[in-house]
Amino acid sequence: MVGIPVAAAVAAAAWAVPNLLTTAPAAALDIKDDGGFWVIEVNDLYANPKVYETQLRNAGLNVRLRLVPAAPSRVGGVAPTAAEGQQPGTRYPYEDKVQTLDPDGCTEQRTCHIGLKIAKDFTGDADLLLGRAAKPGEPIQWGGPFDTRGEPMHCVPYRNKHVSEVRAEMGRRGLTIDAFDVDGKIERSVPDSMYVTGGYMSKGGMATLFVDDEPEPEEKVALAAKKLGCA
């Protein structure tokens, strides 16, 4: 009677081993044919850029791709890298040929697919970066002011408020203070009585604040709000 379970085990092992050997790991990129475009969705946001490059070259695309931790409004966005002589955030010169999968961007209210649409007739040589969400405490490599559209402090009336007040406003949005910029010098702490005049997301869930001993002119604060569509 002992031989029956042993035989069953051997048979099961004989079936399992070939399946383990033939099961391929998930690709870092999911590349699909969509008419006149290649639709490229990123499955592994943390893969080595060489892995992306190999897959893209195998699809006939001379594209190098890098995923970088980004501020909320940049997540899902695509831009040329600085290696092309342009700064992240500038328009890609072939924006009709190379597009982000989600032109409306990602927000706190909804997630989006991170990837690219590349026209099949694109024959250029591209160095691109894509924004991914920064992990908590991870330094952000692609960002901007933390009060622009899509950022956590958009239309929050924080300018000319004291550090203590802004800290509380940020806390209500799940943010903490990373550092302070005082006349171009980064400080880890400043008096709570200093005035906040701006800021940017410097790490995942953390912001660096521009502070001053004196408040800005109210006319300047009002103009800034108007430009952001918050007046």
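Data block above holds the structure.
Conventions we followed
Every chain begins its residue count from 1, and numbering advances along the sequence as written. Only residues with pLDDT of at least 70 are given local features in this predicted model, and only at 80 or more are side-chain atom pairs given and counted; all residues enter the totals for whole chains, interfaces and linings. Working from all heavy atoms in the structure, the side-chain values ignore hydrogens and water. Buried means the residue's accessible area, taken with a 1.4 Å probe over protein chains only, is under 20% of the maximum for its type, while exposed means over 50%, and partly exposed covers the values in between. Here a helix means four or more residues in a row that DSSP labels H or I, a strand means two or more in a row labelled E, and each is numbered from the N terminus. Working note: the arc is built from the helix axis to C-beta atom directions. What makes two residues a contact is simply this: any of their non-hydrogen atoms within 4.5 Å. By the criterion applied in these results, polar contacts are pairs of N or O atoms within 3.5 Å in which, for protein atoms, one can donate a hydrogen and the other can accept it, and in which residues neighboring in sequence qualify only through two side-chain atoms. Note: two strands are recorded as paired if DSSP finds a minimum of 2 bridges between them. What counts as an axis is a line fitted to C-alpha atoms, over the stretch in contact for a helix, and the angles between N-to-C directions run from 0 to 180 degrees.

Novice: Which residues make up helix 2 (residues 49-58), and what values go with them?
Specialist: Owing to its 3.6 residues per turn, the α-helix brings residues three or four apart onto one side. Those residues of helix 2 not exposed but buried are Tyr52, Glu53 and Leu56. Down the axis of helix 2, the sector holding all buried residues measures 100°, keeping them to one side. Opposite the buried face of helix 2, at more than 90 degrees from it, the exposed residues are Lys50 and Asn58. The elements touched by buried residues of helix 2 are strand 1 (29-34), strand 2 (37-42) and strand 3 (63-70). Between a side-chain oxygen at the N-terminus of helix 2 and the backbone nitrogen of Lys50 the separation is 2.8 Å; the capping residue is Asn48. Positioned one or two residues after helix 2, Gly60 has a phi angle of 85°, which is positive.

Novice: Which residues make up the sheet that holds strand 3, and what are the values?
Specialist: With mixed pairing, the three strands of this open sheet are ordered in space as 3-7-4. The outermost strands of the open sheet, each flanked by one partner alone, are strand 3 and strand 4 (78-80). Taking each pair of neighbouring strands and ignoring which way they run, the sheet shows an average axis angle of 35°. Where strand 4 and strand 7 (residues 126-133) come together, three bridges link them in antiparallel fashion. Among the inter-strand pairings, Ala79 is bridged to a residue of strand 7, identified as Leu129.

Novice: Tell me about the environment of Lys120, and name the residues and values.
Specialist: As for its position among the elements, Lys120 is in the loop between strand 6 (115-119) and strand 7. In this structure, the C-alpha to C-alpha distance between Lys120 and Gly36, residues 84 residues apart in sequence, is 5.6 Å. Contact partners of Lys120, with chain neighbours within four places excluded, come to Asp33, Gly35, Gly36, Phe37 and Trp38. A distance of 2.9 Å separates a polar side-chain atom of Lys120 from the backbone oxygen of Gly35.

Novice: Report on the environment of Asp121, specifying residues and quantitative values.
Specialist: Position of Asp121 relative to the elements: it lies in the loop between strand 6 and strand 7. For the pair Asp121 and Lys97, spaced 24 residues apart in sequence, the C-alpha to C-alpha distance is 8.0 Å. Polar side-chain contacts of Asp121 include one of 2.9 Å to the side chain of Lys97.

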